[in-house]
Amino acid sequence: MSPAWREQHDLSGANTLGLPSVAERFVAPTTPTELASVLHEARAAGWPVTVLGGGSNLILGDWLPGLVVHPAFAGYRCEALDDERVRVHVEAGMNWHELVMTLAGQGLWGIENLALIPGQCGAAPIQNIGAYGVEVADVLERLHLVHLADGQAQVLEASECAFGYRDSLFKRDLDGEVVITRLELCLSTKATPCLGYGDLASRVGPTPTALEVAEAVCALRREKLPDPTELANAGSFFKNPVVETGLAQTLLAEYPDMPHFPQPGGRVKLAAGWLIDQCGLKGHREGAFGVHDRQALVLVHHGGGDAKGLLRFANSIASRVSERFRVALEREPRLVGITESAHG
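How each quantity is defined
Residues numbered from 1 in each chain as written. Predicted model: local features only at pLDDT ≥ 70, side-chain atom pairs only at ≥ 80, totals over all residues. Heavy atoms only, no water. Helix = DSSP H or I, 4+ residues; strand = E, 2+ residues; numbered from the N terminus. Rg over C-alpha atoms; globule rule 2.2 N^0.38 Å. Buried < 20%, exposed > 50% of the residue type's maximum accessible area, 1.4 Å probe, protein only. Salt bridge = Lys/Arg side-chain N within 4 Å of Asp/Glu carboxyl O. Pairing = 2+ DSSP bridges. Contact = heavy atoms within 4.5 Å. Axes fitted to C-alpha atoms, helices over the stretch in contact; angles between N-to-C directions. Core = buried A, V, L, I, M, F, W, Y, C linked by side-chain atoms within 4.5 Å. Polar contact = N/O pair within 3.5 Å; in protein donor to acceptor, adjacent residues only side chain to side chain. Expected span 1.5 Å × (residues − 1). Arc of directions from axis to C-beta.

Peer 1: Please clarify how the overall build of the protein should be interpreted in this entry.
Peer 2: Looking only at helices and strands, the protein has seven helices and 21 strands in total. In summary, the protein has a C-alpha radius of gyration of 20 Å against a globular reference of 20 Å for 344 residues, a match within 12%. Based on the C-alpha atoms only, the size of the protein along its principal axes is roughly 65 × 55 × 35 Å. In the protein, which comprises 344 residues, the share counted as buried stands at 49%.

Peer 1: Would you mind going over the pattern of salt bridges with me for this structure?
Peer 2: Where charged atoms of side chains with opposite charge meet at close range, the side chains can pair. Considering all chains together, one arrives at 18 salt bridges under this definition. Between Lys 282 and Asp 277 there is a salt bridge whose closest N-O contact spans 3.4 Å. Several salt bridges share partner residues, and in doing so they unite Glu 79, Arg 87, Glu 141, Arg 142, Glu 157, Arg 182 and Glu 184 into one network.

Peer 1: Can you help me understand the sheet that holds strand S20 (residues 298–301) in this one?
Peer 2: Within a sheet, adjacent strands bond to each other through the backbone by hydrogen bonds, running parallel or antiparallel. With respect to topology, four strands assemble into an open sheet ordered S14-S20-S19-S18, the strand pairing being antiparallel. Every other strand in the sheet has two partners, leaving strand S14 (232–236) and strand S18 (285–286) as the edge strands with one partner each. The sheet contact formed by strand S19 (residues 289–291) and S20 spans three bridges and is antiparallel. The residue bridging Val 291 from the neighbouring strand is Leu 299, located in S20. Sheet strands in contact with helix H7 (residues 307–325) are S18, S19 and S20, and its direction is about 30 degrees off that of S19.

Peer 1: Please clarify how the pairing of strand S2 (residues 22–27) should be interpreted in this entry.
Peer 2: Along any regular strand the residues' side chains alternate between the sheet's two faces. Relative to S2, strand S1 (residues 6–10) runs antiparallel, the two sharing four bridges. Among the inter-strand pairings, His 9 is bridged to a residue of S2, identified as Ala 23. By the bridge criterion, two bridges tie S2 to strand S5 (residues 63–64) in an arrangement that is parallel. Looking at S5, one finds that Val 22 is bridged to Trp 63. Where S2 meets strand S6 (residues 67–69), two bridges bridge the pair, whose relative direction is parallel. Within the sheet, the bridge partner assigned to Phe 26 lies in S6 and is Val 68.

Peer 1: Can you help me understand the nonpolar core in this one?
Peer 2: Across soluble globular proteins, you tend to see nonpolar side chains buried next to one another. With 47 residues, the main nonpolar core has Trp 96, Leu 99, Ile 111, Leu 143, Phe 170 and Leu 185 as its most contacted residues. For this core, the secondary-structure elements that each account for two or more residues are strand S8 (85–91), helix H2 (96–105), helix H3 (124–127), strand S11 (140–147), strand S13 (178–188) and helix H4 (210–224). Contacts of Trp 96, omitting those with residues within four sequence positions, involve Ile 111, Leu 114, Ile 117, Gly 119, Gln 120, Cys 121, Ala 124, Ile 129, Val 136 and Leu 185.

Peer 1: For this particular structure, what's the right way to read the environment of Gln 152?
Peer 2: Among the structural elements, Gln 152 can be located in the loop between S11 and strand S12 (153–157). Here Gln 152 falls in the partly exposed class, since its relative accessible area comes to 48%. Residues Gln 152 and Tyr 197, 45 residues apart in the sequence, show an inter-C-alpha distance of 41 Å.

Peer 1: I would appreciate a short explanation of the side chain of Ser 188 in the present structure.
Peer 2: Its location among the elements puts Ser 188 in strand S13. Here Lys 190 takes part through its backbone nitrogen, which lies 2.9 Å from a polar atom of the side chain of Ser 188. With sequence-adjacent residues up to four places away left out, Ser 188 is seen in contact with Glu 84, Gly 107, Leu 108 and Trp 109.

Peer 1: Just checking my understanding: could you explain helix H1 (residues 32–45) for this structure?
Peer 2: For an α-helix, the turn length of 3.6 residues means that residues three or four places apart are oriented alike. Spanning 14 residues, H1 covers 20 Å between terminal C-alpha atoms, matching the ideal 20 Å at 1.5 Å per step. Of the residues making up H1, those classed as buried are Glu 34, Leu 35, Val 38, Leu 39 and Ala 42. All buried residues of H1 lie within an arc of 130 degrees about the axis, which places them on one face of the element. H1 presents Thr 33, His 40 and Ala 44 as exposed residues on the side facing more than 90 degrees away from its buried surface. Gly 46 sits one or two positions beyond H1 and adopts a positive phi of about 75 degrees.

Peer 1: I keep staring at the side chain of Glu 184 and nothing clicks. Help me out?
Peer 2: On the secondary structure map, Glu 184 appears in strand S13. Within the local environment of Glu 184, its side chain forms a polar contact with the side chain of Arg 142, the two groups lying 2.7 Å apart. Among the polar contacts listed, one links the side chain of Glu 184 to the side chain of His 144, at a separation of 2.7 Å.

Peer 1: What is the right way to look at unusual backbone geometry in this model?
Peer 2: A negative phi angle is the norm for most residues apart from glycine, just as the trans form is the norm for most peptide bonds. A positive phi angle, close to 70 degrees, is found at Leu 116, a residue other than glycine. Residue placement: Leu 116 occurs in the loop between H2 and H3. In the Ramachandran plot, Asn 128 falls in the positive-phi region, its phi being about 50 degrees despite a non-glycine side chain. Here Asn 128 is to be found in the loop between H3 and strand S9 (130–131).

Peer 1: Before we go on, may I ask you to explain the environment of Asn 113 in this structure?
Peer 2: Here Asn 113 is to be found in the loop between H2 and H3. In this structure Asn 113 comes out as buried when scored by relative accessible area, which is 0%. It is 6.2 Å that separates the C-alpha atoms of Asn 113 and Val 217, two residues lying 104 residues apart in sequence. Filtering out sequence-adjacent residues up to four positions away, Asn 113 remains in contact with Ala 131, Tyr 132, Val 134, Cys 194, Leu 200, Val 213 and Val 217. A polar atom in the side chain of Asn 113 sits 2.9 Å from the backbone oxygen of Tyr 132. In this structure the side chain of Asn 113 is engaged in a polar contact, spanning 2.8 Å, whose partner is the backbone oxygen of Cys 194.

Here it is in structure tokens:
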């Protein structure tokens, strides 16, 4: 039996940017069986299907036709593999931060640096979420998904997911084609702290617990990033650009204090927030949208704006950076219900 769906459902509170959006139909299945049932009905009716998780890393258009599916099945279980490794099976609808803090509190290592990242677990691989030197790809073994077109279930190994920096198969070939239903993560009972980014090491003792690292990460994020429940935002709006060595060296000659991080293959990662800040844009506001006054990587919505207005504002920020540094900024949040050509 399918769960009841709602028509003309307001999604403005279902995305952390607070953008106005309405779903023609909305349903929140609480089990994989319910999910299969609603997808079958959608196929029979010929409705397009949009999968919406925690709404934390996307830009919603004002109207989503067909059916919006919000996976609401949550929970996890741990499976000991040996003396040090634990496989964690986690359902897509579980809150990511809740999972991190719960497992860190149990002494499991591997995702403590990813504390306080908003959203549901099923969305974590799409963006290959990462923070403080750790990505979800580092611990993901495999994931379970369902194809929207025919309802077929599939299991993908992590090696098949084409993970990259804030990127995956699910943002490219499988974008809008599947719903992720379960993750399998491999964590460790052995202390493996990753403290090389920022001043994280100075925030903990010489032998911290996983929970202490997670709490230090939370404190750092709260200092730098606005709470989306208080000021609408999608976290980091731009990826940190990776440029060729020649351009990096030219920029460093002009800006010796420019943050830069050598990458495999000889390329260099730059800090998008620093580039935006150097253009004098920290705290800059145009109408409904602005650059956060403490972290230039974050664009905020003060209210009254829409997706097209946000994208125009973001493009103006990227243009200023390109003009000054000859560096192209790429957006992190995915577009849902709006096309690249629909804004200028």
